[in-house]
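# Report on the structure
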Amino acid sequence: MNTNTNADNKTNGKVNMMQYIKMIVVLTGIAAVCGFLLSTVKQVTAVRIEEQILVNVKLPALKSVLDSSTNDLMQDRRTITMDEQEYVVFEGKKEGKTWAIAFEGKGTGFGGDIGIMVGFDLEKDILTGIGILTHQETPGLGARISETMFRDNFKNKPITAVFKVKKDNGEVDAVSGATYSSRGVCSAVRKCIALYPAIKKKVMGEN
């Protein structure tokens, strides 16, 4: 009697083990399929999101800082690698010749990162202007960095100008009540100016 019971228990144990193994295999397969589907969806949506950002956010900024260009600003862009860092550079052209470029920069404001687009006149070495791409600044205060009055601080200014707020002995009129936000933009502009000579050299060399 005991022998049969032990045998039955061993048989049941083997059956249960096989069921567990089968269940694990099935769940692993389901997880793999779900992971693949999620990865595919993420890749597809990432492309669409990037396209929407290009058209609805970056293009208006580009048209603002490269306003006299006659070419397709979205089409005439290239990726330049410097110090293992990639930069997307947009070219403004007149009669087929590149007269200006624009690329993105980033600074830290009161609420977080501030993303900007900065345009440069290649012949005059001046800023053609800036556009605000992203920010998390306070509505009615720091968010006013997007307004024309503030952005005009950077329009048609030589790259040698002191792009700091006047409180920091610079030449930029800060947004009232939003010094941190204004400093964030100035910091982003200075970073872009530091990159400009090397990027200009590459662009001019490839044209």
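Scroll up to find the structure.
Quick caveat, the model's predicted, so the values are computed rather than measured. (Residues numbered from 1 in each chain as written. Predicted model: local features only at pLDDT ≥ 70, side-chain atom pairs only at ≥ 80, totals over all residues. Heavy atoms only, no water.)

Moving on, we come to the overall build of the protein chain. Within the protein chain, the regular secondary structure consists of 3 helices and 6 strands. Written out in order from the N terminus, the α and β elements of the protein chain read α-β-β-β-β-β-α-β-α. For the protein chain, buried positions account for 36% of its 207 residues. Taking as baseline every contact in the protein chain between residues at least 6 positions apart, the subset at least 24 positions apart corresponds to 51%. About 13000 Å² of surface is accessible on the protein chain, with carbon and sulfur atoms providing 56% of the total. (Helix = DSSP H or I, 4+ residues; strand = E, 2+ residues; numbered from the N terminus. Buried < 20%, exposed > 50% of the residue type's maximum accessible area, 1.4 Å probe, protein only. Contact = heavy atoms within 4.5 Å. Areas by Shrake-Rupley, 256 points an atom, 1.4 Å probe, with all protein chains shown as cover.)

Another point: helix 3 (residues 179-206). An ideal rise of 1.5 Å per residue puts 40 Å on 28 residues; helix 3 measures up with 40 Å between its terminal C-alpha atoms. Maximum bend of helix 3: about 45°, positioned at Tyr196, with proline Pro197 one to four residues after it. (Expected span 1.5 Å × (residues − 1). Bend = angle between axes of the 7 residues up to and from the residue.)

Bringing unusual backbone geometry into the picture now. The residue Asp125 is not glycine, and still its phi comes out positive at about 55°. Along the polypeptide, Asp125 turns up in the loop between strand 4 (113-121) and strand 5 (126-134).

Moving on, we come to the sheet that holds strand 1 (residues 77-82). Strand order in the open sheet made by the 6 strands is 1-2-3-4-5-6, with antiparallel pairing throughout. In the strand order of this sheet, the two ends are held by strand 1 and strand 6 (157-158), each with one partner. In the packing of helix 3 onto the sheet, the strands contacted are strand 1, strand 2 (85-94), strand 3 (97-108), strand 4 and strand 5, and the crossing angle to strand 3 comes to about 145°. (Pairing = 2+ DSSP bridges. Axes fitted to C-alpha atoms, helices over the stretch in contact; angles between N-to-C directions.)

Here the focus is the side chain of Ser181. Within the element layout of this structure, Ser181 appears in helix 3. What makes Ser181 buried here is its relative accessible area of 3%. Polar contacts involving the side chain of Ser181 include one to the side chain of Glu137, which spans 2.5 Å. Setting aside residues up to four positions removed in sequence, Ser181 forms contacts with Gly109, Phe110, Ile114, Glu137, Gly142 and Ile145. (Polar contact = N/O pair within 3.5 Å; in protein donor to acceptor, adjacent residues only side chain to side chain.)

Two measures describe an aromatic ring pair: the distance that separates the ring centres and the angle between the ring planes. All told, the structure shown has 5 aromatic pairs when counted by the stated rule. Each ring, one from Phe120 and one from Tyr196, has its centre 4.4 Å from the other, and the planes form 15°; the classification is stacked. In this pair, Phe120 sits in strand 4 while Tyr196 sits in helix 3, placing the two residues 76 residues apart along the sequence. On the basis of relative accessible area, Phe120 is assigned to the buried category, the value being 0%. With a relative accessible area of 2%, Tyr196 lands in the buried category. Between Phe154 and Phe163 the ring centres are 5.7 Å apart and the planes differ by 20°, which places this aromatic pair in the stacked class. Here the two residues Phe154 and Phe163 agree in accessibility, since each one is buried. (Phe/Tyr/Trp six-rings, centres within 6.5 Å; stacked < 30°, edge-to-face > 60°.)

Only one face of strand 1 is buried: it carries Arg78, Ile80 and Met82, and the other face, with Arg77, Thr79 and Thr81, is open. Direction of pairing for strand 1 relative to strand 2: antiparallel, over a ladder of 6 bridges. Residue pairing in the sheet places Arg78 in a bridge with Val89 of strand 2.

What follows covers the pattern of salt bridges. Within the structure shown, the criterion is met by 6 salt bridges. For Glu91, the salt bridge goes to Arg78, with nearest N and O atoms at 2.5 Å. In this pair, Glu91 sits in strand 2 while Arg78 sits in strand 1, placing the two residues 13 residues apart along the sequence. Lys166 is the partner of Asp173 in a salt bridge, and the nearest nitrogen-oxygen pair spans 2.8 Å. For Asp173, a relative accessible area of 40% gives the class partly exposed. (Salt bridge = Lys/Arg side-chain N within 4 Å of Asp/Glu carboxyl O.)

Structural measurements only, silent on function.
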